[in-house]
Amino acid sequence: MIEADPGKCRACRKCELACIASHNDMTMKEAVKNRKLFTPRVQVVKTDSVKMPVQCHQCRHAPCARVCPTKALVQVDGVVRMRVQYCAACKLCMMACPYGAISLSFIGLPEEDEGGRELRRRVAVRCDLCADWRAREGKAQSACVEACPLHALVMVPLPEDEDAGGAGCAAFAPGGTGSGEGCAAFAPGGTGSGVGGGAGA
């Protein structure tokens, strides 16, 4: 999972742009241009007293996965995974999430059919630790962690206990299932089949 240090955050929102870029195969410049078309999976909260990025906390008994009627969200070895092909955009997961870390976003840039109707589909999106992007780019850290200039975000392992299914750092390597290996397993190339995969925003 990713932890945030509100004492370091300056609400520059580079984490949000990096999230959009990594999930939509864009450069940061393209993410800035298309910012209004997509919802980042990390949301910076800014008030008079606090500035802090908020994203999925990988809850132990994830309420989002428990309420999903189509099983688009599933929890395997303590890790919540999204199977975007099953998402019906019913918003139940959004209502169940205690952190407000799930949003609806479109898949892909706008396209129209012959009748002028937009072809994009809205689905629920949440932090997936950039699993696909890290595997594709050979990255050890998620895009938001890499982009934060003040190191306010850091990847940490899930607690290794019975309730979490013993899911450690290895759970976040693409394809990993939480073998309790060290944090080197954050790097792409983790083993295990898992279920589903990250959603494309």
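Computed from a predicted structure; not experimentally measured.

## A few points about the nonpolar core
Formed by 19 residues in total, the largest nonpolar core has its most connected members in Ala-62, Cys-64, Leu-73, Met-82, Cys-93, Ile-102 and Ala-124. Secondary structure elements with two or more residues in this core: helix H3 (63–67), strand E5 (79–82) and strand E7 (122–125). Per-element accounting of this core gives the leading share, three residues, to E7. Cys-64 has contacts with Leu-73, Val-80, Cys-93, Ala-96 and Ile-102, leaving out every residue within four places of it along the chain. Counting 13 residues, the second largest nonpolar core, distinct from the first, contains Ala-11, Cys-15, Val-42 and Val-44.

## Some points on the pairing of strand E2 (residues 43–46)
Pairing of E2 with strand E3 (residues 51–54) involves four bridges; the strand directions are antiparallel. Looking at the pairing, Gln-43 lines up with Val-54 of E3. Joining the antiparallel neighbours E2 and E3 is a turn of four residues.

## What to know about the environment of Arg-60
Here Arg-60 is to be found in the loop between E3 and H3. C-alpha of Arg-60 to C-alpha of Val-79: the two residues are 19 residues apart in sequence and 8.4 Å apart in space.

Basis of the calculations
Numbering of residues starts from 1 in each chain and follows the order in which that chain's sequence is written. Per-residue local features of the predicted model are confined to residues with pLDDT of at least 70, and side-chain atom pairs are confined, for both listing and counting, to 80 or more; whole-chain, interface and lining totals are unaffected and use all residues. Each side-chain value is derived from all of the structure's non-hydrogen atoms; neither hydrogens nor water enter the calculation. Throughout this description, the term nonpolar core refers to a set of buried Ala, Val, Leu, Ile, Met, Phe, Trp, Tyr and Cys residues connected via side-chain atoms within 4.5 Å. Only protein chains enter the area calculation, which uses a 1.4 Å probe; residues under 20% of their type maximum are buried, those over 50% are exposed, and those in between are partly exposed. Helix and strand definitions here come from DSSP, where helices need a minimum of 4 consecutive H or I residues and strands a minimum of 2 consecutive E residues; each element is numbered from the N-terminal end. Whether two residues touch is decided by their heavy atoms; if any such pair falls within 4.5 Å, the residues are in contact. Any two strands with at least two DSSP bridges between them are considered paired.

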